[in-house]
Every structure is written in C-alpha cells, then in structure tokens.
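What the coordinates show
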Amino acid sequence: TQIHCVRNDNTWNIRIYSRHLSEVTSKYPEAVKNIKLSLSRCKSSHLILDGEVVAVSRKSKEVKILPFQTLTTTSNNAHLCVYLFDCIFANGSSLLNNSLRSRRQALRSSIEANPGFVDFVSHIDLRCVADEDFVSKILDKSVHAGCEGLMAKSLSSPYEAGRRGGDF
C-alpha cells in the first residue's frame, strides 16, 4: 500500500491506496487509527509511505501474520498491522531519487513503531555476498513467520514504482 499522511493543524488526514492506486482507506479504519498514533512525534506535515496492511493475531504476546485471505474476508476477528518499508516523500520533498538507505532513515525518523500495530519490515543489511545456506535459513524463518518470501534491494538504489529492487 501507499499511505498518504497530511497534517492540518494537529490533525492527521490518512489515505491508503492499493498497489494499483485505488483508494482503500475506508476498508482499513483500524490501520488508519494505528498510523495516526505512530505519527504523534512526526515533525513533517506530509509523508508518503510504502508498506503493507496485513491481518494479524494478537492472542498471545507474539504477533502472528495471518494468511492474505483473512484480510479480504469481512467477517473475521483479525486485527490489522501496517508494516512499513519505505518513505517516498517527507518534509516537502520527494525522496524518489534518494537511496534506500536514506529513505529508510527518513521513515524511521518520521514514524514511531508500535509492534503489532505499526512496525518496520525486518531487514538484514549484507555487506558481503551471502552464502546459499544463510539465505535459505532466512527464507525459512520468513515463511514460518507467515510472510510470502524475501525481497532483496540494493541500499544505494533509488525508488522505482513497480520495480522490486535496484541493480546489484
């Protein structure tokens, strides 16, 4: 999802858009509420964030990501969590040409994580080539946690809509 956050006076206006840029804000009132709480210390008045809204179970202390179908059914008791992985606009400036490293810093300085409600996508920064066994273990851990897989991006790559990473 793409999440547009605009502050007027002390009130945040949040709009959530699908990957095809259809507005879906009304489908996710819990996500909107969670995002507003995570923006309480934000100094910017306008952000555009890239992330994903997922259904989660909070029955125990551990947050468990539920299957995608749970998110799409209307009669479920699941809660929502917004997992953020990028910031593409902040402080009146487009960050599209900035590196992922820089955009990630902007994201973390704008949003206060609240695990199980609004959180940052887990990541591992690799400074060297990872061996196949290491990547396989990380993939297994990701799938076990309810994720679909892994994403690899160069920390120096600019943001490109519809593209899943830069040149390595």
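Everything quoted here is computed from the prediction, not taken from an experiment. Every residue gets a number counted from 1 within its own chain, in the order that chain's sequence is written. Per-residue local features are limited, in this predicted model, to residues with pLDDT of at least 70; the limit for side-chain atom pairs, both in listing and counting, is 80 or more; totals at the level of whole chains, interfaces and linings are taken over all residues. Hydrogens and waters are ignored; side-chain quantities use all the structure's heavy atoms.

1. What about the pattern of salt bridges?
For this analysis, a salt bridge means a side-chain nitrogen from Lys or Arg found within 4 Å of a carboxyl oxygen belonging to Asp or Glu. Applying the stated criterion to the full structure yields five salt bridges. Measuring nitrogen to oxygen at the nearest pair gives 3.6 Å for the salt bridge that ties Arg 41 to Glu 112. Here Glu 112 lies in the loop between helix H3 (100–110) and strand S7 (118–120) and Arg 41 lies in the loop between helix H1 (29–38) and strand S3 (46–57), a separation of 71 residues in the sequence. When its relative accessible area of 65% is taken as the criterion, Arg 41 is described as exposed. In this structure, the salt-bridge partner of Arg 103 is Asp 86, at a minimum N-O distance of 2.7 Å. On the criterion of sequence distance, the pair formed by Arg 103 in helix H3 and Asp 86 in strand S5 (residues 79–90) is long-range, its members being 17 residues apart. Like Arg 103, the residue Asp 86 is buried in the burial classification. For helices the rule is a DSSP run of H or I covering at least 4 residues; for strands it is a run of E covering at least 2, with both sets numbered from the N terminus onward. With a 1.4 Å probe rolled over the protein chains alone, any residue whose accessible area is under 20% of its type maximum counts as buried; one over 50% counts as exposed, and the rest are partly exposed.

2. Notes on the packing of aromatic side chains
Two rings from Phe, Tyr or Trp (for Trp, the six-membered ring) form a pair when their centres sit within 6.5 Å of each other. Planes less than 30 degrees apart are called stacked, planes more than 60 degrees apart edge-to-face, and all others tilted. According to the stated counting rule, one finds zero aromatic pairs in the structure shown. When the ring centre of Phe 117 is taken as origin, the NZ or CZ atom of Arg 58, which lies over that ring, is 3.7 Å away. Whether a charge sits over a ring depends on NZ of Lys or CZ of Arg being within 6 Å of the ring centre and within 35 degrees of the ring normal. When the ring centre of Phe 120 is taken as reference, the NZ or CZ atom of Arg 108 above it lies at 4.2 Å.

3. Points about the side chain of Gln 2
Secondary-structure assignment places Gln 2 in strand S1 (residues 2–8). In this structure the side chain of Gln 2 is engaged in a polar contact, spanning 2.7 Å, whose partner is the side chain of His 4. A contact between two residues is defined here by any heavy atoms of the two lying within 4.5 Å. Residues within four places of Gln 2 in sequence aside, it is in contact with Arg 15, Ile 16, Tyr 17, Leu 21, Ile 48, Leu 49 and Ile 88. Residues adjacent in sequence count toward polar contacts only when both atoms are side-chain atoms; beyond that, a polar contact is any pair of N or O atoms within 3.5 Å, and within protein one must be able to donate a hydrogen and the other to accept it.

4. Comments concerning the state of the cysteines
Note on disulfides: each one is a pair of cysteine sulfur atoms within 2.5 Å. According to the stated counting rule, one finds zero disulfides in the structure shown. In this model Cys 5 remains outside any disulfide bridge; the closest cysteine sulfur is found in Cys 42, 7.8 Å from its own. Overall, the relative accessible area of 0% leaves Cys 5 in the buried class.

5. Observations concerning the pairing of S3
Each regular strand displays side chains that alternate between the two surfaces of the sheet. The buried fraction of S3 amounts to 10 of the 12 residues, a majority that puts the element mostly inside the structure. We treat two strands as partners when DSSP finds at least two bridges between them. Two strands pair when backbone bridges link them, and S1 and S3 are joined in this way by five bridges, in the antiparallel orientation. For Cys 5, the partnering residue across the bridge sits in S3 and is Leu 47. In this structure, S3 lies alongside S5, joined through 10 bridges in antiparallel fashion. Residue pairing in the sheet places Val 54 in a bridge with Cys 81 of S5. Direction of pairing for S3 relative to strand S4 (residues 64–65): antiparallel, over a ladder of two bridges.

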